[in-house]
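# A closer look at the structure
In case you want the letters, here they are:
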Number of protein chains: 2
Amino acid sequence: MQIVVLAGGVGGARFLRGVLAAAPGADVTVVVNTGDDVTMHGLRICPDLDTVMYTLGNGIDEERGWGRRGESWTVKNELAAYGAEPTWFGLGDRDLATHLVRTRMLDAGYPLSEVTAALSTRWQPGVRLLPMSDQRVETHVVVADPETGRPQAIHFQEWWVRHRASLEASAFVQVGVDRARPAPGVVEALTGADAVLLAPSNPVVSIGTVLGVPGIREALRGTAGRVVGVSPIVGGEVVRGMADRCLPVVGVEVSAEGVGRHYGARSDGGLLDAWLVQTGDGASVPGVDVRPVPLLMSSPETTEALARAALDAAVEGPRPPHPSHAQGGPRDGAGGR
Amino acid sequence: MQIVVLAGGVGGARFLRGVLAAAPGADVTVVVNTGDDVTMHGLRICPDLDTVMYTLGNGIDEERGWGRRGESWTVKNELAAYGAEPTWFGLGDRDLATHLVRTRMLDAGYPLSEVTAALSTRWQPGVRLLPMSDQRVETHVVVADPETGRPQAIHFQEWWVRHRASLEASAFVQVGVDRARPAPGVVEALTGADAVLLAPSNPVVSIGTVLGVPGIREALRGTAGRVVGVSPIVGGEVVRGMADRCLPVVGVEVSAEGVGRHYGARSDGGLLDAWLVQTGDGASVPGVDVRPVPLLMSSPETTEALARAALDAAVEGPRPPHPSHAQGGPRDGAGGR
């Protein structure tokens, strides 16, 4: 079974653990958001790729959910002693080695997808880990300058980590996305997938950024498999992260229904065949197979159960029409779901 | 009093402590060898500059003589876990922050002399710390390939650290030295110095490399002050380091006399006005005021006493002829020393 998962960082990584547990023999490709990537102290940092890699490679700090287990902060403290900015980013010593190797390979001309494959030879994540693109795409956030009130764009990490998303955002800008192409293998994986899962990651700055790469949305809509999304919103609140600070910026209600409708039905120009929401959360998403299930990934068991529910939704429902048969035929019943 | 010291790493740094103790009010400029500099893991590393900076800034590991006190090796071990070469270089976590800041500034276009000044604002070494040059000069060592026997050039650090100078060297090559210029301030400091001291550093790959930068030897020979060298050889053996592996390569005997003659008398086209050798070491260097003194820097007191002896030799002897008066005059007695 060929499974493709679109993912951001912490939530996506946990969900992927469930997928690997629920489908041990499956061929899993993960397409990861790289819009959070940032260069700090001359080092290229890919927070979401690393979170997925460390999590699946058993190197993650389980409590924090990001960074390396047993981490130390010597270099960070020394950089601060030099007055080297920024000082607010959590750059651990163990983590830093990853960034050094990555930066060196990128400087040598290797594309990020090959760098990621090289780093993965150490971590053996058990999935094919792909950046959404080899081109640089950086999410910037338009905020009001605290002094002048004028709009200014800051890097997503500055907004997210330094300001804890407390600055009012008026827009997210994916710098470079217009010139980006899907990384090698992304379109092929999506096209040939039996199931495409949207992890319960941030719909705006994680999944939304992946979908913003020209060609990915189209490949996803053309997949022969079913597309199943998992709501990151439970009971009207985010489970983790700060999606509640992002969704209103793009005019989306902070609810399972709001996000489901934002993704939209595949039969109606959107993405979803099925949408998993928390048991008890009402959600009406026209044209989409909405399934209430327990969403909280509070243990390996609940996480695996959630992934199994997502995979069930991918194989149990009616197969979508293949694009080449979109003019009709006996299986062209997607519009009725 | 204006003092200029030419220095390499560990020995030079210790000697400088003595100079600062012996001449607390003096204006001290240090011209440091940068031929040992190397780029590893994308980081620009300046071992001698850092050893002097950390030593005078009270951050040095006193036992090792190089690197930071209380050092840890997390990043190095992580790099090794990725299989990232080289693994033989002692890259500590604390030290690494220095290289990160330096590399970032160099990449931003700042010359090494300005980077060194910026780093020194943290360490407050109490001297003006100057690289010999802002241009890259890298000492390579010509050795026989272990398999083919053919000559090949390896970076000095590979020869020194990885092979512990055990490979037979046939030559040292200062790559880039022809295009190098003295860093800003070097020539002016030498010209205006009351005393120029050659630290007991490696005469070939430390002091020799500094002197190889076009313009430095000339400025030193033209200084109004006296030039005093301190022998790194005691009783026919090196006090530290591996100068005994370097001197024969350039045809110099491993003795205080050999090195003294290698530097040569200033009155005879060489560099020295005075030459400090270990008490008991016989050394005949024609035209040079050879002074036997205790050379071992085994305590702060002995180190200060050595520096005082060097400064005494700089102020007590006859003043050399100023270049502009070289045609004669009452003080033109250098030839008779």
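Criteria and thresholds
- Residues numbered from 1 in each chain as written.
- Chains lettered and ligands numbered in written order.
- Predicted model: local features only at pLDDT ≥ 70, side-chain atom pairs only at ≥ 80, totals over all residues.
- Helix = DSSP H or I, 4+ residues; strand = E, 2+ residues; numbered from the N terminus.
- Rg over C-alpha atoms; globule rule 2.2 N^0.38 Å.
- Buried ≥ 20, exposed ≤ 12 C-beta atoms within 10 Å, placed from the backbone.
- Contact = placed C-beta atoms within 7 Å.
- Pairing = 2+ DSSP bridges.
- Axes fitted to C-alpha atoms, helices over the stretch in contact; angles between N-to-C directions.
- Nonpolar A, V, L, I, M, F, W, Y, C, P; charged D, E, K, R; others polar.
- Least-squares fit on C-alpha atoms with pLDDT ≥ 70 in both.
- Parallel < 35°, antiparallel > 145°, perpendicular 65-115°, else oblique.
- Domains from an automatic or database assignment.
- Expected span 1.5 Å × (residues − 1).
- Arc of directions from axis to C-beta.

Each helix and strand in chain A was counted, giving twelve helices and 14 strands. Rg of the C-alpha trace for chain A: 19 Å, near the compact-globule value of 20 Å for 337 residues, within the 12% margin. Projected onto the principal axes, the alpha-carbon positions of chain A cover approximately 70 × 45 × 40 Å. The burial tally for chain A puts 49% of its 337 residues in the buried class. Partitioning the contacts of chain A with sequence separation of at least 6, the portion at a separation of at least 24 is 67%.

What follows deals with the sheet that holds strand β6 (residues 138-144) of chain B. Residue and element names in this part refer to chain B. The strand order across the open sheet built from three strands is β7-β6-β8, with neighbouring strands paired in antiparallel fashion. Every interior strand has two partners, whereas the edge strands, β7 (151-155) and β8 (169-175), have only one. This sheet shows a mean twist of 30 degrees between the axes of neighbouring strands, independent of strand direction. Strand direction decides the pairing type here: β6 and β8, joined by six bridges, are antiparallel. When the bridges of β8 are listed, glutamate 138 appears paired with valine 175.

Attention now moves to the interface of chain B and chain A. Opposite the 20 residues of chain B that make contact, chain A presents 20 residues. If you list the elements that add at least two residues to the side of chain B that touches chain A, you get α3 (74-81) and α4 (93-107) of chain B. Examining the composition of the side of chain B that touches chain A, we find that nine residues originate from one element, α4 of chain B, more than from any other. Looking at the side of chain B that touches chain A residue by residue, the class counts come to nine nonpolar, five polar and six charged.

Before going further, it helps to examine the relation of the copies chain B and chain A. Mapping chain B onto chain A calls for a screw motion: a turn of 180 degrees about the axis and a shift of 0.0 Å along it, with 0.0 Å RMSD after fitting. Each copy turns onto its partner about a two-fold axis. Measuring from the rotation axis to each C-alpha of chain B, the shortest distance belongs to aspartate 93 of chain B, at 3.6 Å. Interface overlap between copies: 100% of the residues of chain B at the interface are likewise at the interface in chain A, consistent with a symmetric, same-surface contact.

What follows concerns the pairing of strand β10 (residues 226-230) of chain B. Residue and element names in this part refer to chain B. In terms of burial, β10 is largely enclosed, as five of its five residues are buried. Neither face of β10 is left uncovered, since the one carrying Arg226, Val228 and Val230 and the one carrying Val227 and Gly229 both have all their residues buried. Of the strand pairs in this sheet, strand β9 (residues 195-198) and β10 are connected by four bridges, and their pairing is parallel. When the bridges of β10 are listed, alanine 195 appears paired with arginine 226. Of the pairings in the sheet, the one linking β10 to strand β13 (residues 274-278) comprises three bridges and is parallel in character.

To continue, consider the sheet that holds strand β9 (residues 195-198) of chain A. Residue and element names in this part refer to chain A. The seven strands are arranged β5-β2-β1-β9-β10-β13-β14 in an open sheet whose pairing can be described as parallel. The two strands at the open ends of the sheet, each matched to only one other strand, are β5 (128-131) and β14 (289-293). Neighbour to neighbour, the strand axes of the sheet diverge by 20 degrees on average, direction disregarded.

On to the packing of helix α1 (residues 10-22) of chain B against helix α12 (residues 300-316) of chain B, then. Residues and elements named next belong to chain B. Viewed as axis vectors pointing N to C, α1 and α12 meet at an angle of 75 degrees, and their least axial separation amounts to 7 Å. Classed by the angle they form, the pair α1 and α12 counts as roughly perpendicular. Taking contact as the criterion, the partners of Arg14, Phe15, Arg17, Gly18, Val19, Ala21 and Ala22 in α1 are, on α12, Pro300, Thr303, Glu304, Leu306, Ala307, Arg308 and Leu311. For the contact of α1 with α12, the residue count by class is eight nonpolar, two polar and four charged.

Residues and elements named next belong to chain A. Looking at chain A, the domain boundaries give domain 1 (36-131), domain 2 (138-175) and domain 3 (186-336). Each of domain 1 and domain 2 was reduced to a C-alpha centroid, and the two centroids are 23 Å apart. Listed by partner, the interface residues are five residues for domain 1 and seven residues for domain 2. In terms of residue class, the side of domain 1 that touches domain 2 is made up of three nonpolar, no polar and two charged.

Now for the environment of alanine 199 of chain A. All names here are of chain A. Relative to the elements of secondary structure, alanine 199 occurs in the loop between β9 and α8 (207-212). Since 29 C-beta atoms lie within 10 Å of it, alanine 199 is described here as buried. Taking the C-alpha atoms as reference points, alanine 199 and serine 284, 85 residues apart in sequence, are found 20 Å from one another. Once residues lying within four places of it in the same chain are set aside, the contact partners of alanine 199 are Val5, Leu6, Ala7, Gly8, Gly11, Gly12, Phe15 and Val230.

Let us look at helix α5 (residues 112-123) of chain A. Residues and elements named next belong to chain A. When the terminal C-alpha atoms of α5 are compared, their 16 Å separation across twelve residues agrees well with the 16 Å that a helix rising 1.5 Å per residue should span. Residues of α5 that are buried: Leu112, Val115, Thr116, Leu119 and Trp123. Projected down its long axis, α5 shows its buried positions confined to an angular sector of 100 degrees, all on one face. Residues of α5 that are buried in the fold lie against α2 (47-56), α4 (93-107) and β5. With its phi angle positive at about 45 degrees, glutamine 124 sits one or two positions after the end of α5.

All names here are of chain A. You can see proline 182 is positioned in the loop between β8 (169-175) and α7 (186-191). Under the C-beta neighbour-count criterion, proline 182 is labelled buried, with 25 such atoms within 10 Å. Sequence separation of proline 182 and glutamate 85 is 97 residues, and the distance between their C-alpha atoms is 32 Å. Apart from residues no more than four positions distant in its own chain, proline 182 is found in contact with Met132, Ser133, Val187, Val213, Gly215, Ile216 and Ala219.

All names here are of chain A. Over its 13 residues, helix α1 (residues 10-22) runs 19 Å from end to end, which matches the ideal 18 Å to within 8%, given 1.5 Å per residue. Burial within α1 is extensive, with ten of its 13 residues counted as buried. For α1, the complete set of buried residues consists of Val10, Gly11, Gly12, Ala13, Arg14, Phe15, Leu16, Arg17, Gly18 and Val19. Summarising the contacts, the buried residues of α1 are in contact with β1 (2-7), β2 (27-32), α2, β9, β10 (226-230) and α12 (300-316).

Following glutamate 85 of chain A, the chain continues to proline 86 of chain A via a peptide bond in cis, the omega torsion being -10 degrees. The residue proline 86 of chain A is located in the loop between α3 (74-81) and α4 in this model. We note that glutamine 124 of chain B has phi near 45 degrees; this positive angle belongs to a residue other than glycine. Note that glutamine 124 of chain B resides in the loop between α5 (112-123) and β5 (128-131). A residue is classified by how many C-beta atoms lie within 10 Å of it, and glutamine 124 of chain B, with 11 of them, is exposed.

Moving on, we get to the environment of valine 186 of chain A. Residue and element names in this part refer to chain A. Tracing the chain through its elements places valine 186 in helix α7. Spatially, the C-alpha atoms of valine 186 and leucine 56 are 20 Å apart, while their sequence positions differ by 130 residues. Here valine 186 is in contact with Val31, Leu130, Met132 and Ile216, once residues within four sequence places are set aside.

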